[in-house]
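# Fold and geometry: a report
As a plain string of letters, each chain reads:
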Amino acid sequence: MPWAGPLRSERPVALVTGVGRRAGIGAAIAERLSADGWLVACTHWQAYDARMPWGADPVQVGDFSVEADLADPAAPALLFDRVASSLGDVTALVLAHCESVDSGFLDTSLESFDRHFAVNTRANWLLMREFALRYPGPHGAGRIVALTSDAVVGNVPTVPAKARSTASSSPRLRSSAPAVSPPTPSTPVRPTPAGWTAP
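Residues numbered from 1 in each chain as written. Predicted model: local features only at pLDDT ≥ 70, side-chain atom pairs only at ≥ 80, totals over all residues. Heavy atoms only, no water.

## Some details on the overall build of the protein chain
Within the protein chain one finds five helices and five strands. Of the roughly 10,800 Å² that the protein chain leaves accessible, carbon and sulfur atoms contribute 59%. (Helix = DSSP H or I, 4+ residues; strand = E, 2+ residues; numbered from the N terminus. Areas by Shrake-Rupley, 256 points an atom, 1.4 Å probe, with all protein chains shown as cover.)

## Things to note about the packing of helix α3 (residues 75–86) against helix α4 (residues 110–134)
Closest axis-to-axis distance for the α3/α4 pair is 9 Å, and the angle between their directions is 45°. By the angle between their directions, the pair α3 and α4 is classed as oblique. Crossing geometry of α3 relative to α4 is assigned as right-handed. Where α3 abuts α4, its residues Pro-76, Ala-77, Leu-79, Phe-80 and Asp-81 lie against Leu-126, Leu-127, Glu-130, Phe-131 and Arg-134. Of the residues that constitute the contact of α3 with α4, the class distribution is seven nonpolar, no polar and three charged. (Axes fitted to C-alpha atoms, helices over the stretch in contact; angles between N-to-C directions. Parallel < 35°, antiparallel > 145°, perpendicular 65-115°, else oblique. Left-handed = near helix turned anticlockwise from the far one by under 90°. Contact = heavy atoms within 4.5 Å. Nonpolar A, V, L, I, M, F, W, Y, C, P; charged D, E, K, R; others polar.)

## Looking at the sheet that holds strand β4 (residues 92–95)
Hydrogen bonds along the backbone pair up the strands of a sheet, which may run parallel or antiparallel. With parallel pairing, the five strands of this open sheet are ordered in space as β3-β2-β1-β4-β5. Each of the sheet's edge strands pairs with one partner strand only, and the pair in question is β3 (64–67) and β5 (143–146). Between one strand and the next, the sheet's axes are offset by a mean angle of 15°, whatever the strand orientation. For strand β1 (residues 13–16) and strand β2 (residues 39–44), the ladder comprises four bridges, and the chain directions are parallel. Looking across to β2, one finds that Val-13 is bridged to Leu-39. Each of β1, β2, β3 and β4 is contacted by α3, which is oriented at about 160° to β3, the strand it contacts most. On the sheet, α4 packs against β4 and β5 and is oriented at approximately 175° with respect to β4. (Pairing = 2+ DSSP bridges.)

## Observations regarding the confidence of the model for the protein chain
Within the protein chain, residue pLDDT values average 76, and 69% of them lie at 70 or more. When pLDDT is averaged over each helix and strand of the protein chain, the minimum, 40, is found for helix α5 (residues 161–166) and the maximum, 97, for β1. This stretch, residues 1–5, has a pLDDT under 50; its non-local contacts, to residues over four places away or in other chains, come to six contacts. Confidence drops under pLDDT 50 across residues 155–194; counting only partners more than four residues distant or on other chains, this segment forms 61 contacts. (pLDDT = per-residue confidence, 0-100.)

## Things to note about the nonpolar core
Generally speaking, nonpolar side chains in soluble globular proteins are found buried as a group. Leu-15, Phe-80, Val-83, Leu-87, Val-90, Leu-93 and Leu-127 are the most contacted members of the largest nonpolar core, which has 21 residues in total. Once residues within four sequence positions are removed from consideration, Leu-127 is found in contact with Thr-17, Leu-70, Pro-76, Leu-79, Phe-80, Leu-93, Leu-95 and His-97. Val-16, Val-19, Val-40 and Val-59 belong to the second largest nonpolar core, which has 17 residues in total. (Core = buried A, V, L, I, M, F, W, Y, C linked by side-chain atoms within 4.5 Å. Buried < 20%, exposed > 50% of the residue type's maximum accessible area, 1.4 Å probe, protein only.)

## Quick notes on the pairing of β1
When a strand is regular, its side chains alternate between the sheet's two faces. Neither face of β1 is exposed, since Val-13 and Leu-15 on one face and Ala-14 and Val-16 on the opposite face are all buried. Note on the crossover from β1 through helix α1 (residues 25–35) to β2: the handedness is right-handed. Two elements, β1 and β4, share three bridges in a ladder whose sense is parallel. Pairing of Ala-14 across the sheet is with Ala-92, part of β4. (Right-handed = clockwise from strand over helix to strand, strands pointing away.)

## Side note on the pattern of salt bridges
Counting across every chain of the model gives six salt bridges. Notably, a salt bridge pairs Asp-69 with Arg-115, separated by 2.9 Å at the nearest N-O pair. With Asp-69 in the loop between β3 and α3 and Arg-115 in helix α4, this residue pair connects regions lying 46 residues apart in the sequence. Residue classification places Arg-115 among the partly exposed positions, given a relative accessible area of 22%. Between Glu-130 and Arg-134 there is a salt bridge, and its shortest N-O distance comes to 2.8 Å. Of this pair, Glu-130 and Arg-134 are both found in helix α4, four residues apart, which corresponds to roughly one turn of the helix. Its relative accessible area of 12% is what places Glu-130 among the buried residues. (Salt bridge = Lys/Arg side-chain N within 4 Å of Asp/Glu carboxyl O.)

Given below as structure tokens:
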């Protein structure tokens, strides 16, 4: 949806990364949040989809969409600036982006390896850090959901399965369930739209 000025309201604001194609999990999450009453800001990176076998499949969901190369360490702060000026302060962050190139242990290039860690590890840290620095609500009330899907450096038989599944930046980890801890009585929670439940 093209930006038509600030949409500030009492509705909470969610930022969802990796919403570049209709078949992606990011788009499904963004659509559900929007249907449940959230203002939703989305990021995408067309250059990634264009070089993948599936090609680009632009999708327009949510209230605000911006193209962001998350390999750029300056991108997270700029992204939060734009979302705040358009929709308001981000109260939930969903990380559904990835740099996932199906390559093997012996044929992964140094450039590809570095980009995987820049996008899938460093960008996640920078986005979560930016969210924590800017979150306007009470301590402990913000929510972050992080997903990953990364196929680089596959076929590494010497790495035990348990070790692969416990490292969040593990290149062999194809997906992980959202880790959202329920609020405790001592943790105040900002009201959310009626009918919304945590993913």
